[in-house]
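Geometric and topological summary
As a plain string of letters, each chain reads:
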Amino acid sequence: MSEQHIHTTDEHAHDEHAGLSKSKIWQVFFILLGITVVEFIIALVILPKGMIPRTAGNIAYILLTLLKAYYIVAFFMHLKFEKTGLKLSMGLAFIFIIYFITLMLIEGGYLHVHQTLHS
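This structure is a prediction, so every number in the text was calculated from the model and none was measured.

Broken down by element type, the chain carries 4 helices and 0 strands. Shown N-terminal to C-terminal, the secondary structure of the chain runs as helices and strands in the order α-α-α-α. Every one of the 119 residues in the chain was classed for burial, and the buried ones make up 12%. Of the accessible surface of the chain, which amounts to about 9,900 Å², a share of 71% is contributed by carbon and sulfur atoms.

Okay, structure coming up:
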């Protein structure tokens, strides 16, 4: 007779999240905490004293926020443990959405400037 291996939902859930241990969760938590502390230092110390230009501060905020979003999506939403095809499709959708937001902001700024001048 052949052995049958019956998968229960408990076994499936355990295998599905095997890559995310408590120590990894705490590691990601402290990484996110560190990024947040850096953002607060930039906002409360560096920018008010004029150590860096406001544009550089905005770029730093955007990059740090994207890094935090990566950690949240990769580990807490378990995308890091998915197949490559799903990662690529979600990444392309994200890039597409960012592209459209950028285009809308540029177009909105253009319309605001030109409507103000012609009024």
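Moving on, we come to the UniProt feature "transmembrane region" (unreviewed entry) in the chain. The UniProt entry lists residues 25-47, 59-79 and 91-113 under the feature "transmembrane region" (unreviewed entry), expressed in the numbering used here. Structurally, residues 59-79 comprises 86% helix and 0% strand, and the distance from its first C-alpha atom to its last is 26 Å. Span residues 91-113 is 100% helix and 0% strand, its end C-alpha atoms 33 Å apart.

Turning to the packing of aromatic side chains, a few remarks are in order. Scanning the model with the defined rule gives 7 aromatic pairs in all. On the numbers, 5.5 Å between centres and 70° between planes, the contact of Tyr 70 with Tyr 71 is edge-to-face. Residue class for Tyr 71 comes out buried when judged on its relative accessible area of 18%. With centroids separated by 4.6 Å and ring planes inclined at 85°, the aromatic side chains of Phe 96 and Phe 100 adopt a geometry described as edge-to-face. With Phe 96 and Phe 100 both in helix 4 (residues 84-118) and 4 residues apart, this pair spans about one turn of that helix. Here Phe 100 falls in the partly exposed class, since its relative accessible area comes to 37%. Here the aromatic cluster, defined as three or more aromatic residues joined through ring pairs, consists of Trp 26, Phe 29 and Phe 30.

Conventions adopted
Residues numbered from 1 in each chain as written. Predicted model: local features only at pLDDT ≥ 70, side-chain atom pairs only at ≥ 80, totals over all residues. Heavy atoms only, no water. Helix = DSSP H or I, 4+ residues; strand = E, 2+ residues; numbered from the N terminus. Buried < 20%, exposed > 50% of the residue type's maximum accessible area, 1.4 Å probe, protein only. Areas by Shrake-Rupley, 256 points an atom, 1.4 Å probe, with all protein chains shown as cover. UniProt positions renumbered as here; feature names shortened; annotations may be inferred. Phe/Tyr/Trp six-rings, centres within 6.5 Å; stacked < 30°, edge-to-face > 60°.

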